[in-house]
Structure formats: C-alpha cells, structure tokens
Amino acid sequence: MGVTITGSGWLPEGNLWHSTGMTHMHVAGSIHADATYPAPVWLTRPDDVNALSPTLWSSGVTREADGVLSVAGLRVTDLAEQVGTPAYVVDELDLRERARAWREAFRGWTVYYAGKSFLSTTVARWIAEEGLHLDVCSLGELTVALRAGLDPGTIAMHGNNKSVPELRLGLTRGIGRIVVDSDDEITRLEWLCDELDITAQVMIRVTTGVEAHTHEYIATAHEDQKFGFSILSGQAMGSMLRCYRSPRLNLVGIHSHIGSQIFDTDGFEVAAKRTLRLLAQFAQETGVELPELDLGGGFGIAYTKEDDPASPDDLATGLRSIIAQECRATGLTEPAISIEPGRAIVGPAGMALYRVGTVKSVQLGGGTSRRYISVDGGMSDNIRPALYAAEYSAALASRASTAEPVVSRVVGVHCEGGDILVRDEFLPGDIRPGDLLAVPASGAYSRSMASNYNHTPRPPVVSVRDARITTLIRRETLEDLLALDAGAGE
Ligand SMILES: *Cc1c(COP(=O)(O)O)cnc(C)c1O
C-alpha cells in the first residue's frame, strides 16, 4: 500500500528514564516539518510551543525556569519518579476554586457535583466542604458518597434503570432526591416505600426536545434516546401526575439534562423555558406549584485552545434572567433551581501524565508524513477520543524545546488503530523516548471511564497541593487483576 514506517524503536531498560545525561537520540530522522501532514483547519500553529494556554491548564500548572512543568509547586519529573506513569494528576486548589466559582455564581441555587465525572471519597469530601451537593447514578457511586460520610440529604440519585438494591440503599439512608426516569421505576419505588414504610422525595426527569450541539452519545434531551419522559408527547405530565397522586411519593419538581460538553448557552435557556412552562401547566391542572427545577449539567470546558467555554458567572446571569422572565410571563413563583456541573469542575483541574515510548513517522503519500508519538497509556485510561471523537491537547512536560513544532498524533499502547489520545497537536519536533507528555483537561471522564483493556492496570489518581502528593486512588496492579482470575491460583 506504499505506507512505509521509519522511526526509533528504542526501548528503555529498567530505570533508564531517570538516568541523567541521557544522550540526545536521533529520533526518526526522516521527519521534516515541511513534509508533515497538515494541521486540521481549527488547529493553529503556536507561536511558542512551550507556552501554556491558561484556558487549558489548571491554575497551579506552570513551566519552571528550566522548562519542566510543575503542578502546585511539584515538578512533574519528581511526580513521575514518585508515582510512575501514566498517572492522573489533580490540582486540588484549582478543583476547589472551580467548585466555589459555581457555587458563588449560582448563589441561592443548589449546585450538585456530577460524581460520574470523577469520584473518590476524598473528592466527595472536598465537594461537600465547598458547599456543593452530589449527584450519583449507580450503587457504586452512592456507596462511595456514603463512605465519604456525606450527608445523605445532599445526594441525588439518577439513572434510567436503577436497581432495587441501589434504590433500597438510597431510601434507607434518606438520600435527598431520586430523579425518576420511567414508569417501571415509579412502580418499584412505590412498593419499596411500602416495604420500608417511608415516603420518597422524587423529581421527574423530562426531555425538552432541545437539540444540543454535541456528540450524539452525550446529547440527552432530544426525543429518541433512553432518558426521561418527553414533554412533547405528554408523558412527562402523565408521570408527574402519577407521582403527585401517589401516597408514597413526594413530587418536588422536575429535572432536565440536555447533554454534555455544551458551549451554546441557548440550549440551557430553551430548556429552562420549556420546563418552566411544564411547571405552569402542572400548576394549572392541580393548583399546586412544584417547588424545584433542576437544569442538569453539561457545561462545556476547553480541551483545545479553540474551545471557548462560558464562565459560571455568564451562565448564571443568562439563566437567572430567563427564569425571572418566564416566571413573570407564566405567573409562577420562582422555583428553587439547581444545576449539576461535573466536567466543568473536575475536568480542567486534572491532567494526565504519560511517558513517551516510541516516535515514528508514517509516510502518507503525496510527500506527507504523520508523526506518531506512542505513550505508556491510551484508550484504557482515556476512551473519550475513541468513543466520541473527542479532541485533546498535549504538551511536552519534562523539558522545554527549541525545536520547530510538528503536527503530531499521540497514541497509546493498545492493540487498536483507534487507540488515539490526541488526534492532532503541534508538539516540538525533537520529542523522544523518555520525555514526559502531559494532556490537560483530563480530570473528567478519564479515570471514571477507564478500563482494563489488554489487561492494563488502571493508573492512579493523585492530587497535589503545596507541592505535596495525596493519593486519591492508588495504581492498580497486575496482582489486582489476577485476583479476579479464578483460575490464576498461585
Ligand atoms: C452526566 C450528567 C451530568 C454532568 O454532566 P457534565 O457534562 O459532566 O457537566 C449532570 N447531570 C446528569 C443527569 C448527567 O447525566
């Protein structure tokens, strides 16, 4: 097929990475910047390939005078030495600042952190300390939250197919809200409440018909998908009335989540309008104004320099005015509003740190080539590029470089052509085995969606504050994996 491969297959031995005075390898000598595959139109050539765009990196990340990146005062070279690679690194103060910014911008409202984006007992406690509530959507997430010692009243439970054990655990522990997603769930809740002789606090998840401009798999408010009750079809009203009339359920309001990684604030505003109209219609039918409205999460973050997310303040201002206006128009008293950011809190606070293993240049024909940089992680620690065609950025982290930037593709170790971490990025032309590469905005949906594909132990999540490391989740080991293999024996 005329595809030729050149490159360095240099493999390290033992601790060679950490040896000082590593010789400058002549890596993939066939790479010439002018022959490299052209960048996609959205990707601009950086003026300075060592510069860090503040929209991409957590506030504690800087490049030290000698070129090494540091997080909250800790050099990534030291960090890699202590915890190994790949690793997820969370900037604790940055995460807390973001949580606080959402809480402050939406003062008077309730901010739930969407735990599915990343959850550990420590992060659950930070979130609670910053005054946020927590969303969970599985027995596992609920168990982590309870183990963290969170007030159950601050927990809301989601899911389109909640199991009896998770509902029972939530109900017996007195969690604050159950967001009901189907008629079967209403039936299940009624008999569980009968059995436990309690009343459940429920919201109805509705779909508003908003077509959010995001990937199909993370858009959740159009009609043809599994979540919620459609407003348009009348199912939402039907389920609201059923819950309202149930002696075992206390219907407190409705919930809408239009999708994830949404930049267009219009989507949230339309959803707010449609849900408020539904509340007004319900009030007309029953004479009762439901007290709560949850507008969900999905607020976009910057994964590349081209992404330009709205600030919590701008979002809050827009939503507040729409809600005030719509309540005036419908005569409703303003309900208590809540939102559920996940990614926007933990995403930018975390980065993934990898070690470069091989660099090769693949000839694509037409005189162009693409540079593949293979790192020691991949789709097992970040499935989003493969799953949603998500774009990421990357930077050389263990040193600065004066080499020309080259459009490069960062790939993992797995046995899949689609095992891509960063599809296109300008990286220094002299990247070589042993270098550390950092991928910003990796705090959300990376570890939480990680797999053991190719029997790969999942990387640890560590946080850094004042140059000190705290392990949030330790690195998985091959022994952990073998412990599940019933035939492994001794
Ligand atoms: C996933 C999800 C969120 C959080 O989405 P982000 O994109 O992380 O903000 C909030 N609410 C519900 C119901 C969700 O499913």
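Above this text you will find the structure in question.
This section reports on the structure supplied with the text. Bear in mind the structure is a predicted one, so any value in this text is a computation, not a measurement.

Regarding helix H1 (residues 76-83)
Because each turn of an α-helix spans 3.6 residues, side chains separated by three or four positions in sequence point in the same direction.
Link 1 in the chain: The set of residues buried in H1 consists of Val76, Leu79, Ala80 and Val83. One side of H1 carries all its buried residues, which in axial view fall inside an arc of 100°.
Link 2 in the chain: Just past H1, the residue Gly84 takes up positive phi, approximately 80°.

Structural notes on the site of the ligand
Link 1 in the chain: By nearness alone, 16 residues border the ligand, and Lys116, Ser260, Glu340, Arg343 and Tyr445 come closest of all.
Link 2 in the chain: Within the backbone of Gly342, an N or O atom sits 3.0 Å from an oxygen atom of the ligand.
Link 3 in the chain: Interatomic distance of 2.5 Å between a side-chain N/O atom of Tyr445 and an oxygen atom of the ligand.
Link 4 in the chain: When the ligand sits alone it has 380 Å² of accessible area, and the protein chains cover 93% of it.

What to know about the packing of helix H7 (residues 235-245) against helix H8 (residues 265-286)
Link 1 in the chain: Across the interface, H7 lies against H8 with an axial gap of 11 Å and an inter-helix angle of 50°. Compared by their axis directions, H7 and H8 come out oblique. Seen from above, H7 lies across H8 with right-handed handedness. On H8, the residues that touch Ala236, Met237, Met240, Leu241 and Tyr244 of H7 are Leu278, Leu279, Gln281, Phe282, Glu285 and Thr286.
Link 2 in the chain: Looking at side-chain class alone, the contact of H7 with H8 contains 8 nonpolar, 2 polar and 1 charged residues.

How each quantity is defined
Residues numbered from 1 in each chain as written. Predicted model: local features only at pLDDT ≥ 70, side-chain atom pairs only at ≥ 80, totals over all residues. Heavy atoms only, no water. Buried < 20%, exposed > 50% of the residue type's maximum accessible area, 1.4 Å probe, protein only. Helix = DSSP H or I, 4+ residues; strand = E, 2+ residues; numbered from the N terminus. Arc of directions from axis to C-beta. Near = heavy atom within 4 Å. Polar contact = N/O pair within 3.5 Å; in protein donor to acceptor, adjacent residues only side chain to side chain. Areas by Shrake-Rupley, 256 points an atom, 1.4 Å probe, with all protein chains shown as cover. Axes fitted to C-alpha atoms, helices over the stretch in contact; angles between N-to-C directions. Parallel < 35°, antiparallel > 145°, perpendicular 65-115°, else oblique. Left-handed = near helix turned anticlockwise from the far one by under 90°. Contact = heavy atoms within 4.5 Å. Nonpolar A, V, L, I, M, F, W, Y, C, P; charged D, E, K, R; others polar.

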